[in-house]
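Chain residues, written in single-letter form:
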Amino acid sequence: MLEPKVTARQLQEYLNIARKYVPEFKKFTDPKTGRLRGLAKLYESHIPVLQEIRSLAREHTLAEIEINYQQKVKTESKSL
């Protein structure tokens, strides 16, 4: 679904970032373990966020992307 294609490991890393900071991805967190839930279904509505993370990954490390999303969440919560 992502263009260009990504490996399963890359997709897992993108989902790990998204599930922590994007509300639509909360169902990807297993409530018992707090880890990525393998049974959650990925829909086309999830693709734009994953594509954004993928685009950022071309220029930044995954750790930098996660910091970026942490700051974005803090900024959004302050504006409410």
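A brief report on the enclosed structure follows. (Residues numbered from 1 in each chain as written. Predicted model: local features only at pLDDT ≥ 70, side-chain atom pairs only at ≥ 80, totals over all residues. Heavy atoms only, no water.)

### With respect to the nonpolar core
Ranked by internal contacts, the top residues of the largest apolar core, which has 17 residues, are Phe 25, Val 49, Leu 50, Ile 53 and Tyr 69. Counting only elements with at least two residues in this core, the list comes to helix H1 (8-21), helix H2 (47-57) and helix H3 (62-79). Setting aside its immediate chain neighbours within four residues, Ile 53 contacts Tyr 14, Ile 17, Ala 18, Ile 65 and Tyr 69. (Core = buried A, V, L, I, M, F, W, Y, C linked by side-chain atoms within 4.5 Å. Buried < 20%, exposed > 50% of the residue type's maximum accessible area, 1.4 Å probe, protein only. Helix = DSSP H or I, 4+ residues; strand = E, 2+ residues; numbered from the N terminus. Contact = heavy atoms within 4.5 Å.)

### Quick look at the environment of Pro 4
Turning to its location among the elements, Pro 4 is positioned in the segment before H1. As for Pro 4 and Arg 54, which are separated by 50 residues in sequence, their C-alpha atoms are 9.4 Å apart. The contacts of Pro 4, once residues within four sequence positions are left out, are Arg 54 and Arg 58.

### Observations regarding the pattern of salt bridges
A complete count under the given rule lists three salt bridges for this structure. Lys 5 is the partner of Glu 3 in a salt bridge, and the nearest nitrogen-oxygen pair spans 3.7 Å. By the burial criterion, Glu 3 is exposed, and Lys 5 matches it. Here Glu 52 and Lys 72 are joined by a salt bridge, their closest N and O atoms 3.2 Å apart. (Salt bridge = Lys/Arg side-chain N within 4 Å of Asp/Glu carboxyl O.)

### What to know about the packing of aromatic side chains
Considering all chains together, one arrives at one aromatic pair under this definition. Ring centres 5.5 Å apart and planes at 35 degrees place the aromatic pair Phe 25 and Phe 28 in the tilted group. Across the pair, Phe 28 and Phe 25 agree in class, each one buried. (Phe/Tyr/Trp six-rings, centres within 6.5 Å; stacked < 30°, edge-to-face > 60°.)

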